[in-house]
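# Observations on the three-dimensional arrangement
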Amino acid sequence: MTPPLTQSSSWRNLLQHRDVMRRKRLLDIALVEPDRLKSFELSLDGLRLNYALNAVTAETIALLMKLARERDVESWRERMFKGEKINETENRAVLHVALRRKETTPLLLDGHDVMQDVKAMRQKMARHVTAIRNGQWTGATGKPIRHIVNIGIGGSDLGPRLVTMALQSYASGPQAHFVANVDAADLFSKLKILDPAETLFLVVSKTFTTQETLLNARTARQWLVEHLGEQAVGKHFLAVSTNYEAMKAFGIDAENALPMWDWVGGRFSLWSAVGLSAAIAVGMDHFQQLLSGAAAMDEHFRSAPLEQNMPVMLAMLGVWNGTVMGARVQAVLPYNERLRDLPRYLQQLEMESNGKTATRGGGEVDCVTAPVLFGEPGTIGQHSFHQWLHQGSDAIMADFIGVAQDADHQPEHHRVLLANMVAQAGALAFGQTQTTARHELYPGNRPSNLIILDRLDPFHLGLLLALFEHKVFVQSVIWNINAFDQPGVELGKRLATKLLSGENPVDPAWNLLMNLYNQIAVYCKT
Ligand code: F6P
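Residues numbered from 1 in each chain as written. Predicted model: local features only at pLDDT ≥ 70, side-chain atom pairs only at ≥ 80, totals over all residues. Heavy atoms only, no water.

### Focus: the pattern of salt bridges
Formally: Salt bridges are counted wherever a side-chain nitrogen of Lys or Arg sits within 4 Å of a carboxyl oxygen of Asp or Glu. Each helix is a run of H or I in the DSSP string that is no shorter than four residues. Each strand is a run of E no shorter than two, and both are numbered from the N terminus.
In this structure the tally under the stated criterion is 28 salt bridges. For Glu307, the salt bridge identified is with Arg69, shortest N-O distance 2.8 Å. Of the two residues, Glu307 sits in the loop between helix H13 (284-303) and helix H14 (310-324) while Arg69 sits in helix H4 (residues 58-70), which places them 238 residues apart along the sequence. Each of the salt bridges in this network shares a partner with another, and the network as a whole consists of Glu41, Arg48 and Asp454.

### With respect to the packing of aromatic side chains
To be explicit about the condition: Pairs were defined over the aromatic rings of Phe, Tyr and Trp, the Trp ring being its six-membered one, requiring ring centres within 6.5 Å. Orientation was assigned from the angle between planes: stacked under 30 degrees, edge-to-face over 60, tilted for the rest. Each residue is placed in one exposure class: buried if its accessible area under a 1.4 Å probe, protein chains only, is under 20% of its type's maximum, exposed if it is over 50%, and partly exposed if it falls in between.
On inspection of all chains with the given rule, the structure shows 12 aromatic pairs. Judged by centre distance (5.0 Å) and plane angle (20°), the ring pair of Phe40 and Tyr51 falls under stacked. Linking Phe40 in the loop between helix H3 (36-39) and strand E1 (41-44) with Tyr51 in the loop between strand E2 (47-50) and H4, this pair joins segments that are 11 residues apart in sequence. Like Phe40, the residue Tyr51 is buried in the burial classification. Between the aromatic rings of Phe201 and Trp223, the centroid separation amounts to 5.9 Å while the plane-to-plane angle is 85°, which identifies the pairing as edge-to-face. Placement of Phe201 in strand E7 (residues 199-204) and of Trp223 in helix H9 (residues 211-228) is noted, with a sequence separation of 22 residues between them.

### Notes on empty space enclosed by the protein
The line we're drawing: Cavity means a closed set of points on a 1 Å grid over the protein atoms alone, one where a 1.4 Å probe fits but cannot get out, pocket means an open set with protein on both sides within 12 Å along at least 5 of 7 lines, and lining means a residue has an atom within 4 Å of a point. Grid points are joined across faces, edges and corners, and a volume is the space filled by probe spheres set on the points. As a working rule, the residues Ala, Val, Leu, Ile, Met, Phe, Trp, Tyr, Cys and Pro are called nonpolar, Asp, Glu, Lys and Arg charged, and the rest polar, with Gly in that last group.
Tallying each qualifying case throughout the model produces 2 cavities of 30 Å³ or more. In this model, the largest cavity occupies a volume close to 60 Å³. No other element matches H14, which puts 4 residues into the lining of the largest cavity. The residue makeup of the lining of the largest cavity, split by class, is 5 nonpolar, 6 polar and 2 charged. Put simply, the second largest cavity is a space of about 40 Å³. Lining the second largest cavity are Gly318, Gly322, Thr323, Arg328, Gln330, Glu350, Thr369, Pro371, Met397, Lys471, Gln475 and Trp479.

As far as function goes, none of this settles anything; it's purely spatial.
This is the structure in structure tokens:
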């Protein structure tokens, strides 16, 4: 049984250290160790994490790593990679790493080698991607597929959407569109511009029970049948799910149904057939490079000493800035327009994984856990919420993500972009206190990490996304929470279903809610 965090000796040492560090300015800390710009940087295969603009010293890092060891990060890491059922509330293993695993040696789960399943899925995925991209797959009227519509939500949308956007310079196949919201505007904004004869729908849903996805899928199916007839469904729908029966009932035959497994969490699933839309857009070779990047980060995470371990360092800096020093907001600021969907992706990855207060043992945490995560690409955010970042009343922490090599070969634009990124990090860190006018005071001491990719290519994108997956896992271990279930999304789903069913209220709260819903429904009729 993992003891409460605040009872660990490492925690008490960190709090004492915090009291010392709080009296120092980040600028003074940075000036004391001038070589920190180099020494406070980790690098892996063209991905760099520079954490020099944090209010930390070598002593801070040592104390953080002591805490990581005391919380058994290394043994939890091994338990995950070996397929232990560390998602205890759902009695499931957590094996998204198997989806990009290079080794073909068996990885047994309940005596079954999951690597055989992964291999078969990847082969089926590659068959479909190739046929769709080279025109062998034709629609009901014999036309090749020119448009893909991914119908899914959460992890069945955000990952493939992000990858497709980030790798748009590698896109050469059918154009990918993404429908997630049950608001009909999302689906019909796509249907109105699409030719059904050239359109292939991918219904992606781990459970195949998600209300929004099934309604969107049924409506898309009805649209297709109205244009091309019932017999067209088999040529214009693929599905990805663990739920074969439900896919079959929808009209998807076995050849067009791709598997998912319960040992892959939705928000960790883009590496599986959930990534089909992205693979169709950029091709299987590039998708494989994405997997290779993630595999490289997996190997690093599994083998590097904690002090040199990028996911562990990123995680422990977040514990220092958030849980110890009190920052309750994590800004994610990708200074790259193609990464504009990264903050939304990380919102689910981080907040659905660690936005919890229940401990693994069924108790309550004794510390704050995941912060609010938000962000927009730079330099856009500088003209909307950066005022708040610099002079707002809340302690924040920021991750800046930059790309060294400019895919658009526009050096002037790229210099301005990167100069703004570094300037923003500096202003947050050092502030502006030498001013007579109070409104021109910047408090500074707002920490940030600079995460720099050599290039925004599939391999480095895979490195980056796996970095954040493992960061989230390490933090969950420190906080002693289960990062891999999401019980907090169920109540809202149940209430919506009850409102829609018109079920008679059985308690005052339910009665009040039903009355409110009916009152709003009246407005809809006016
Ligand atoms: O948000 C709840 C959730 O279950 C996510 O974890 C998941 O990614 C999403 O809904 C969609 O679930 P499914 O892939 O089963 O449709």
